[in-house]
Amino acid sequence: MLEGFESGQLADTAFLAAGSGELVTANAIAGGYSVSGSASPQQEWHEYLLTNPDKLRLAANSVYTVMFKYEVVEEAPEDGYFYVLAQMGGKTAAINFNGSGTMLWTSADSAEVATRGNDKVARMTFVTGESVDGILKWGIRKGGSIVVDDISVTKGKAVIPAEDSISIGYVNVTDYGAVPGDGLDDTVAFQQAIATGKSVFVPAGVYHVQDTLQIQNQNLVGAGMFVTQIVASNPGVKAPVLKAGRTSVVADLGLSFQADLITDREAAGERVGIYTSAQWSLQRGSTIRNVRISDVGTAIYSPNGAESFSVTYDTLEIENFSYRGIDFSSDIRTGNVFNNIYLKSSRPHVDVPFALTGEESEVSITQLNVEHTKVNTAILLEGVYGLAASTIHIEGVTLRNPNSGYITLDGSTGSIESLSVYYSPIEQQRVSLIQLGDSTYDIGNSFKPETAATAAFLRVGTLHVKGLNDPNADLHGAKAGGLNQSDASGFVFFDRPQTAVGKYTVQLDNYVWYTFQDDQAVYRALPVDPDQRIIFTKLGVVPSWGNTKERPVERLIPWTSMYYDTDLQALLIWNGGQWKPVINQ
């Protein structure tokens, strides 16, 4: 807990005024408000500030650190001093100090007073007793005047950070007691560093935390995604490793849970790496870049109440997730950018590596890779309006269920400039590369457009497929026959169930394929849409003119595909069964 008193009301804090204690703006140390206390020489003991036991309860038999900034306005007399006292039942700990920045006496386990820049800082670390009715008191003995601010009370040991960490824009977690590689809990050190309000640097090494870290309008930066690693052992499955809010940057580090905490039974919101909200949702100007997230239920999670918008997710390696890699299900998300995202998991019950549901508009995807994972669908897009995906690559991915697609779109519209699918095993009947669902535009408003007015459209610039059902033998086991093998029965490139609502139009501009098996006929034919629920305007480039013998026989679209026959000197149109002359009226 860090309290800067910036609400201007002590009632909003975990503190109570006593005696002369009051919030003041004059002589404020940081921000607009500090707490002031004063006493006359005739007052032997005068307490001006207390913790509120109803709002701040100290656990029994635990180590705590209290740290605060102070400024002495009127020095205490020679036999006087300023103090902070911890009381828990019959057990006490205290520190006495003066205006010159000297610690006069302490009964705490450890304590220090230091000058950092323009601020004097005092710190006391103590152990509580058997009772849970503890209270902290700030006081004055025999006169003087003081203001205090930025009070932090945290569980565990901490130290006052070094001078250079205070004076620059970043603080270093090692200055607060974090020790990389020692296997001990570094939670308090991270919380103390974050509580400064400054951005936090995490040097190379492995750090362990037992509680969620929370940043807001701050940066959390390491020395590299494979160099700095934060490992969480939070007891609650709903407690993420990190909450990041408002305008923040998370960069150059790795996040994970202790591996044995992942049960492979995780569901939505459980064992989350990064939760996209602290006090406010992660938003405009924020970036998560050069981050590796592994051994989690879900790597990055944005449910309702944590609406990530206008955030850049850049160069992420997400591995060994048990439920979803990226799971965005909140409403009213706009302008998110996903660049160079790599997702892979060997865990047995992965649902979806990349899922955008709820409502997302103007989303930009550049180089999204999903590889070597068994899934329900590799990429799920529901309620995505204005999709702009430049490059998507799927390799070695296995679909768990029949009648499913590697990419599933429902109530979504937009374009994929380049889609590549390589070496993916096929183990179920009638799977497809792209499965299309409803074409409705639904944001829960009673005045939404009629379905007929909201026909969805998907454009694929280039579809590049190679070695389908002919996977990497070392990773997935050898197969022979490719798309001719019986387990690929019913495979189609585009599919849409009979139950889907509305109209869906697809335009495939270019189609490139390569096979290592004797299944060329399937690739040439490009089987699609057995239930005839998709309106195709194009299925790749086919010859548009030539002699009669060269007329195309595959990937033809009724009443759309046209061919100029140079032998007949006539323009022909495909009616679904044969070429017919186009008659000029």
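Note that the coordinates shown come from a computational prediction; the quantities given were computed from them, not determined experimentally. (Residues numbered from 1 in each chain as written. Predicted model: local features only at pLDDT ≥ 70, side-chain atom pairs only at ≥ 80, totals over all residues. Heavy atoms only, no water.)

**Q** Can you walk me through the layout of surface pockets in this structure?
**A** Any empty space left between atoms is shown by rolling a water-sized probe over those atoms. Approximately 760 Å³ is the volume attributed to the largest pocket. Taken together, 19 residues make up the lining of the largest pocket; nearest its centre are Leu2, Ile194, Ala195, Gln214 and Gln218. Contributing elements (two or more residues each) for the lining of the largest pocket: strand S13 (144-155), helix H2 (187-195) and strand S17 (213-216). Here the lining of the largest pocket gets four residues from one element, more than from any other, and that element is S17. Here the residues of the lining of the largest pocket are counted per class, giving seven nonpolar, 10 polar and two charged. (1 Å grid on protein atoms, 1.4 Å probe; cavity = no way out; pocket = protein on both sides within 12 Å on 5 of 7 lines; lining within 4 Å. Points joined across faces, edges and corners; volume = space filled by probe spheres on them. Helix = DSSP H or I, 4+ residues; strand = E, 2+ residues; numbered from the N terminus. Nonpolar A, V, L, I, M, F, W, Y, C, P; charged D, E, K, R; others polar.)

**Q** Can you walk me through the side chain of glutamine 216 in this structure?
**A** Along the chain, glutamine 216 turns up in strand S17. A polar side-chain atom of glutamine 216 sits 2.7 Å from the main-chain amide nitrogen of glutamine 279. Polar contacts involving the side chain of glutamine 216 include one to the main-chain amide nitrogen of tryptophan 280, which spans 3.0 Å. Setting aside its immediate chain neighbours within four residues, glutamine 216 contacts Gly245, Arg246, Ser248, Ala278, Gln279 and Trp280. (Polar contact = N/O pair within 3.5 Å; in protein donor to acceptor, adjacent residues only side chain to side chain. Contact = heavy atoms within 4.5 Å.)

**Q** Just checking my understanding: could you explain the pattern of salt bridges for this structure?
**A** Once the charged atoms of two side chains with opposite charge are near each other, the side chains can pair. Following the criterion strictly, the structure yields 21 salt bridges and no others. Notably, a salt bridge pairs aspartate 487 with lysine 479, separated by 2.8 Å at the nearest N-O pair. Aspartate 487 gets classed as buried once you look at its relative accessible area, which sits at 17%. When salt bridges that share partners are traced, they join Arg292, Glu317, Glu319 and Lys344 into one network. (Salt bridge = Lys/Arg side-chain N within 4 Å of Asp/Glu carboxyl O. Buried < 20%, exposed > 50% of the residue type's maximum accessible area, 1.4 Å probe, protein only.)

**Q** So what exactly am I meant to see when it comes to the pairing of strand S40 (residues 535-539) here?
**A** Each regular strand carries side chains that alternate between the two faces of the sheet. Strand direction decides the pairing type here: strand S39 (residues 504-514) and S40, joined by four bridges, are parallel. In the strand pairing of S40, glutamine 507 is matched with lysine 538. One crossover worth recording links S39 to the parallel S40 by way of helix H4 (residues 520-525), and it is right-handed. (Pairing = 2+ DSSP bridges. Right-handed = clockwise from strand over helix to strand, strands pointing away.)

**Q** Looking at this model, I keep getting lost on the sheet that holds strand S44 (residues 579-581). Mind explaining?
**A** Note: strands within a sheet are paired through backbone hydrogen bonds, in either parallel or antiparallel orientation. As summarised here, the arrangement of the four strands in space is S41-S42-S43-S44, forming an open sheet in which the pairing is mixed. The open sheet terminates on both sides in strands that have one partner only, identified here as strand S41 (545-546) and S44. Taken together, the three bridges between strand S43 (residues 570-574) and S44 define a ladder with antiparallel strand orientation. Within S44, the position partnered with leucine 572 by the bridge is proline 581.

**Q** So what exactly am I meant to see when it comes to a nonpolar patch on the surface here?
**A** A contiguous nonpolar surface patch, about 460 Å² in accessible area, is contributed by Trp545, Met562, Tyr564, Leu571 and Val582. Within the secondary structure, methionine 562 is located in strand S42 (residues 562-565). According to the relative accessible area criterion, methionine 562 is partly exposed, its value standing at 37%. (Patch = residues over 30% accessible without salt bridge, like charges linked within 9 Å, V, L, I, M, F, W, Y side chains within 5 Å. Areas by Shrake-Rupley, 256 points an atom, 1.4 Å probe, with all protein chains shown as cover.)

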